[in-house]
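Residue strings, one per chain:
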Amino acid sequence: MSEAPRRAEPGLYDFVPPPKRPRITWPNGARLAFWVAPNIEFYELDPPPNAARNMWTRPNPDAMNYGWREFGNRVGVWRMIDVMAALGIRGSVSLNVAICDHHPEIVRRCLDLGWELFSHGVYNTRFVANMSEEQERAMIRDVVDTIRRASGQQVEGWLSPALYNNDRTMDLLAEHGIRYTCDLFHDDQPTPVRTKTGRMCSIPYSLEMNDILVYARQMQTPREYGRMIKAQFDQLYEEGAESGTVMCVPLHPYMVGQAHRLEPFAEALDYVARHDKVWLATGAEIARWYLDRHFDAAVAAARAPGG
Amino acid sequence: MALPESYLQYPRRGPGMDHDFYAWSPLPNRKPIRWPQGARIALWVNLTVEHFPLDAVNKPFLPPGGLERAYPDLWNYTLHDYGNRVGVYRLYRMLEGLGLKATVAMNAAIADRYPFLVQDTARRGHEIMACGVDMNRLHHSGLAIERERESIGTSVETLRRASGQKVRGWMSPAKAESFNTLGLLREHGIDYVCDWPNDDLPYPLTGPAAGLHAMPHASELSDLWCLHQWHHTTDEFAQQIGDQFRLLHAEAAKSGGRVMSLTLHPWIAGQPHRIRPIREALAAILRHAGVWNATGAEILDAFKAQPG
């Protein structure tokens, strides 16, 4: 079987540097839209193989690594939720939707607090890489249906498990009513995403602010993570005076919910929440605002001559 | 490489866990634990005393701290031996100065090679926990059940004989298991296992492992992760020890007793420049009221004695 041709460019967005952008404004004159995206995940103990990626680095069952992830659901998520609730910060949950089946009490707690659920696929051990288009469609329908059944919410956002995508993925998502993707890291502001149908945008998520990458890949301490969040916020808050910025803090309860990490994290969130020109939003609220008020102007700017 | 239809079938997608080794149990739903002496925190210090053979095969994966360099990897071999000769005694002196006892996970190879160390560890009042045969014999699903049964039997019996202790606890080398490990541990009279870092409290295992308990043996709050893998300074590690204690101590006031577990490896934490910050972090914990220092077996017994 020959492989599908590869493209040299993703072709998902245009090059529009800051001087060419229309100004972005947020509600109530806020400079910065701040959102927190906890990844609430279910990793299977004995998942099937995928040639592109297998979660576990040891043969199944990888008790140590599975147990570490599961700490998030048994312990970490409850601590993380309490910290956020105390500060009045809602989460936008990047949800492996199988959590709705395995651990509905976690979903209920999030919904009681008015949190958004968006898609992080079905399990964190199943990836779209190597799926046929039909399989990918079936997986997307499963996600949309499961979130609707569990919450009544129409899913608006998407973060692929392990950030795997196929060339057609964004088109399929737009076709299924997805309004924002978190898989693109090209900007600090929302941008339009080019899809065959629908209106879809990219909402800045972050690799830099992502707890798992900070702790386990950059190998930083919990206190350094707190300092990084504040520094990221200070800079984007300042720049947001010119044109509204977005800051996301992506979380994994099995990391941030460890007892030795909670306090510096809570202190950093508190620092952000104390500023008055911050819009404490969900991913969907940012996406809707942008799609309704700024999306068309951004598309027009991209098409303007002299680019 | 197309995926089969079964890639989108999920036979275990339903309430609770996707396996039968233990039940789903979110921490807030647990009955509050009462530790002896009304303590809020059971302070469980863990040492890991390992033997990495020079002819390491590193299959099916390189164990953390394993001999990663070309044979003969004297760098890593002798560094581990530094731990077993010098570092472990520096840690024992530190613990004794603080009045602390520990649980010491040992490969059976330690008993074969250094019987004095096993006897002396027991004599000093520390608990000995079995940690397989050596770091070259990992437990994994590619291992025939008979071979694994033999490994576990050798490990447990060797350490029981050498220490004179019951040896009730088990940690697999590198915390790696096969699907058979938990059931085999039960066959060998093991009471608690430390391979699943998914909780801050003990909890019962089920199915083939019924009768065993899982214990919250620290992976993240260990010198192996913080110092060796993540390159934090010892002061930064000590800060995290203090931060963990403060949060658990506060949580325990509202929700019942917690276990604070700290894992140290003699070849890492036992280096001269690392002792002082670690000792000071432990000393600061001990200045708080409501801290009960205990071994794994003592924590397990207190947990099992909780009124139903």
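Residues numbered from 1 in each chain as written. Chains lettered and ligands numbered in written order. Predicted model: local features only at pLDDT ≥ 70, side-chain atom pairs only at ≥ 80, totals over all residues. Heavy atoms only, no water.

## A few points about the overall build of chain B
When helices and strands are tallied, chain B shows 9 helices and 9 strands. The globule rule puts the C-alpha radius of gyration for 308 residues at 19 Å, and the 19 Å found for chain B is close to it. In terms of its C-alpha atoms, chain B occupies a principal-axis envelope of roughly 60 × 55 × 40 Å. Taking the contacts inside chain B whose residues are at least 6 apart along the sequence as the reference set, 73% of them involve residues at least 24 apart. Within the structure as shown, chain B displays about 12200 Å² of accessible surface, and the carbon and sulfur contribution to it stands at 52%. If you average the places of the 32 positive and of the 32 negative side-chain charges in chain B, the two averages end up 6 Å apart. (Helix = DSSP H or I, 4+ residues; strand = E, 2+ residues; numbered from the N terminus. Rg over C-alpha atoms; globule rule 2.2 N^0.38 Å. Contact = heavy atoms within 4.5 Å. Areas by Shrake-Rupley, 256 points an atom, 1.4 Å probe, with all protein chains shown as cover. Lys, Arg positive; Asp, Glu negative; His and termini not counted. Charge placed at Lys NZ, Arg CZ, Asp CG, Glu CD.)

## Notes on the pairing of strand S8 (residues 245-251) of chain A
Residue and element names in this part refer to chain A. Taking burial as the measure, the 7 residues of S8 include 7 buried ones, the bulk of the element. Here S8 shows two buried faces, one formed by Thr-245, Met-247, Val-249 and Leu-251 and the other by Val-246, Cys-248 and Pro-250. Relative to S8, strand S1 (residues 32-40) runs parallel, the two being bridged by 7 bridges. The partner of Trp-35 across the bridge, within S8, is Cys-248. (Buried < 20%, exposed > 50% of the residue type's maximum accessible area, 1.4 Å probe, protein only. Pairing = 2+ DSSP bridges.)

## Here we look at the environment of Gly177(A)
Inspection of the secondary structure puts Gly177(A) in the loop between helix H5 (169-175) and strand S5 (180-181). Taking the C-alpha atoms as reference points, Gly177(A) and Tyr123(A), separated by 54 residues in sequence, lie 21 Å from one another.

## Looking at the pairing of S1(A)
All names here are of chain A. Among the 9 residues in S1, 9 count as buried, and that is most of the element. Of the two faces of S1, the one lined by Leu-32, Phe-34, Val-36, Pro-38 and Ile-40 and the one lined by Ala-33, Trp-35, Ala-37 and Asn-39 are each fully buried. Note: S1 against strand S9 (residues 278-280), 3 bridges, orientation parallel. Residue Ala-33 lies in a different strand from S9, and its bridge partner there is Trp-279.

## Some remarks on the packing of helix H7 (residues 234-255) of chain B against helix H8 (residues 272-286) of chain B
Residue and element names in this part refer to chain B. The interhelical angle for the contact between H7 and H8, taken along N-to-C directions, is 15°, at an axis separation of 9 Å. The orientation of H7 with respect to H8, classified from their angle, is roughly parallel. In this structure, H7 meets H8 at a crossing whose hand is right-handed. On the side of H7, the interface is formed by Thr-234, Asp-235, Phe-237, Ala-238, Ile-241 and Phe-245, while H8 contributes Arg-274, Pro-277, Ile-278, Ala-281 and Ile-285. For the contact of H7 with H8, the per-class residue count stands at 8 nonpolar, 1 polar and 2 charged. (Axes fitted to C-alpha atoms, helices over the stretch in contact; angles between N-to-C directions. Parallel < 35°, antiparallel > 145°, perpendicular 65-115°, else oblique. Left-handed = near helix turned anticlockwise from the far one by under 90°. Nonpolar A, V, L, I, M, F, W, Y, C, P; charged D, E, K, R; others polar.)

## Topic: the packing of aromatic side chains
Throughout the structure, instances matching the rule amount to 25 aromatic pairs over all chains. Here the aromatic rings of Tyr123(A) and Tyr10(B) are separated by 5.4 Å at their centres, their planes lie at 55°, and the arrangement is tilted. Here Tyr10(B) lies in the segment before strand S1 (41-49) and Tyr123(A) lies in the loop between strand S3 (116-119) and helix H4 (133-151), a pairing that spans two chains. The buried category is assigned to Tyr10(B), whose relative accessible area is 14%. Each residue in the set Tyr43(A), Trp56(A), Tyr66(A), Trp68(A), Tyr254(A), Phe21(B), Tyr22(B), Trp196(B), Tyr203(B), Trp225(B) and Trp230(B) is aromatic and connected to the rest through ring pairs, giving one cluster. One cation-aromatic arrangement involves Arg69(A) over Tyr43(A); the distance from NZ or CZ to the ring centre is 5.5 Å. Residue placement shows Lys230(A) over the ring face of Tyr271(A); its charged tip is 5.6 Å from the ring centre. (Phe/Tyr/Trp six-rings, centres within 6.5 Å; stacked < 30°, edge-to-face > 60°. Lys NZ or Arg CZ within 6 Å of the ring centre and 35° of its normal.)

## Observations concerning the interface of chain A and chain B
Chain A puts 62 residues into the contact, and the matching count from chain B is 62 residues. Looking at the side of chain A facing chain B, the largest losses of area belong to Arg58(A), Arg74(A) and His260(A), adding up to 15% of the total buried there. Our count for the contact surface shared by chain A and chain B stands at 8 salt bridges. For the pair chain A and chain B, the interface holds 32 residue pairs in polar contact (both at pLDDT 80 or more). The set of elements that each furnish at least two residues to the side of chain A that touches chain B consists of helix H1 (63-86), helix H2 (98-102), helix H3 (104-112), H4, helix H6 (211-217), helix H7 (222-239), helix H8 (253-256) and helix H9 (262-273) of chain A. It is H1(A) that provides the largest number of residues to the side of chain A that touches chain B, a total of 12 residues. Counted by class, the side of chain A that touches chain B contains 34 nonpolar, 15 polar and 13 charged residues. (Buried area = accessible area lost by both parts, 1.4 Å probe. Salt bridge = Lys/Arg side-chain N within 4 Å of Asp/Glu carboxyl O. Polar contact = N/O pair within 3.5 Å; in protein donor to acceptor, adjacent residues only side chain to side chain.)

## Side note on the packing of H1(A) against H9(A)
Residue and element names in this part refer to chain A. Where H1 contacts H9, the two axes come as close as 10 Å, and the packing angle between them is 25°. Comparing their axes, H9 and H1 come out roughly parallel. As H1 runs across H9, the sense of the crossing is right-handed. Counted together, Arg-79, Met-80, Val-83 and Met-84 of H1 and Leu-262, Phe-265, Ala-266 and Leu-269 of H9 form the full contact between these two elements. Here the contact of H1 with H9 is built from residues that sort into 7 nonpolar, no polar and 1 charged.

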